[in-house]
Amino acid sequence: MGHHQGAPMPASIRHAFRARAHPARSIPCPHEPCHARAHQSCRVAVNGRVLTKPHASRISKWAVTTACCPECQVQPGIPCHDNGIARAAAHPRRIQEAEVTLT
C-alpha cells in the first residue's frame, strides 16, 4: 500500500515553520555527506540525525550569496578572498553581516 499524503499545508503555516528555520536552509547544503536539498534540514550521514543548525559550509555559501563582505569588499555572489587568493569559506564578518541583515 502506498504512502498517503494529507492535504497540502497552507502557505501561512508553511511560512511560520520556515521563519523559525535558519535562512541558510533556502539553498542546498554543499557539505559532502549531507547534500540536503533547499528547505530541508541538514543531517548526520552516519546515523541520519537531523541537525538543529545547518552545516557551517551551508551557512558560508548562503552568506556569499546574500551579503557583501566587509573584510574583502566583494559583492554578493562573489566568493571571499585573501589578497586575491580565493577562500574555501566566507569571512566570519561576512557571515555576521548576512545574519544582521535578517533582523
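Heads up: the structure comes first, above all this text.
Throughout what follows, the structure given in this document is the object of discussion.

Reading guide: rules and limits
- Residues numbered from 1 in each chain as written.
- Predicted model: local features only at pLDDT ≥ 70, side-chain atom pairs only at ≥ 80, totals over all residues.
- Heavy atoms only, no water.
- Disulfide = S-S within 2.5 Å.
- Buried < 20%, exposed > 50% of the residue type's maximum accessible area, 1.4 Å probe, protein only.
- Helix = DSSP H or I, 4+ residues; strand = E, 2+ residues; numbered from the N terminus.
- Polar contact = N/O pair within 3.5 Å; in protein donor to acceptor, adjacent residues only side chain to side chain.
- Contact = heavy atoms within 4.5 Å.
- Arc of directions from axis to C-beta.
- Axes fitted to C-alpha atoms, helices over the stretch in contact; angles between N-to-C directions.
- Parallel < 35°, antiparallel > 145°, perpendicular 65-115°, else oblique.
- Left-handed = near helix turned anticlockwise from the far one by under 90°.
- Nonpolar A, V, L, I, M, F, W, Y, C, P; charged D, E, K, R; others polar.

**Observations regarding the state of the cysteines**
Then comes step 1: Summed over all chains, the structure comprises 0 disulfides.
Then comes step 2: Cysteine Cys69 remains unbridged, with the sulfur of Cys72 as its closest cysteine sulfur at 3.6 Å.
Then comes step 3: This cysteine, Cys80, is not joined by any disulfide, and Cys69 carries the nearest cysteine sulfur, 3.7 Å off.
Then comes step 4: When its relative accessible area of 2% is taken as the criterion, Cys80 is described as buried.

**Here's the deal with the side chain of Ser60**
Then comes step 1: Its place among the elements puts Ser60 in helix α2 (residues 56–66).
Then comes step 2: You can call Ser60 buried: its relative accessible area is 6%.
Then comes step 3: A distance of 2.7 Å separates a polar side-chain atom of Ser60 from the backbone nitrogen of Ala90.
Then comes step 4: Beyond its immediate sequence surroundings of up to four residues, Ser60 is in contact with Ala89, Ala90 and Ile95.

**Re the environment of Ser26**
Then comes step 1: You can see Ser26 is positioned in the loop between α1 (11–20) and α2.
Then comes step 2: Through-space distance from the C-alpha of Ser26 to that of Ser41 is 9.9 Å; in sequence the pair is 15 residues apart.
Then comes step 3: Contact partners of Ser26, with chain neighbours within four places excluded, come to Ala38, His39 and Trp62.
Then comes step 4: One polar contact links the side chain of Ser26 to the main-chain carbonyl oxygen of Pro23, over a distance of 2.8 Å.

**Section: α2**
Then comes step 1: The complete set of buried residues in α2 reads Arg58, Ile59, Ser60, Trp62, Ala63 and Val64.
Then comes step 2: Buried positions along α2 lie against α3 (92–100).

**Some points on unusual backbone geometry**
Then comes step 1: If you check the backbone angles, Gln73 has positive phi at about 60 degrees while not being a glycine.
Then comes step 2: Tracing the sequence through the fold places Gln73 in the loop between α2 and β1 (81–82).

**Considering α3**
Then comes step 1: Within α3, the full set of buried residues consists of Arg94, Ile95 and Ala98. The arc that holds the buried residues of α3, viewed along the axis, is 100 degrees, so those residues lie on one side. In α3, the exposed residues that point more than 90 degrees away from the buried face are Pro92 and Val100.
Then comes step 2: Buried residues belonging to α3 abut α2.

**Quick look at the packing of α2 against α3**
Between two packed helices, what matters for the description is the angle formed by their axes and the separation of those axes.
Then comes step 1: Interaxial distance between α2 and α3 falls to 9 Å at its minimum, and their mutual angle equals 70 degrees. The orientation of α2 relative to α3 falls into the category roughly perpendicular. When you trace α2 past α3, the crossing you get is left-handed. Mapping the contact onto sequence places Ile59, Ser60, Trp62, Ala63, Val64 and Thr66 in α2 and Arg94, Ile95, Ala98 and Glu99 in α3.
Then comes step 2: Split into classes, the residues belonging to the contact of α2 with α3 amount to 6 nonpolar, 2 polar and 2 charged.

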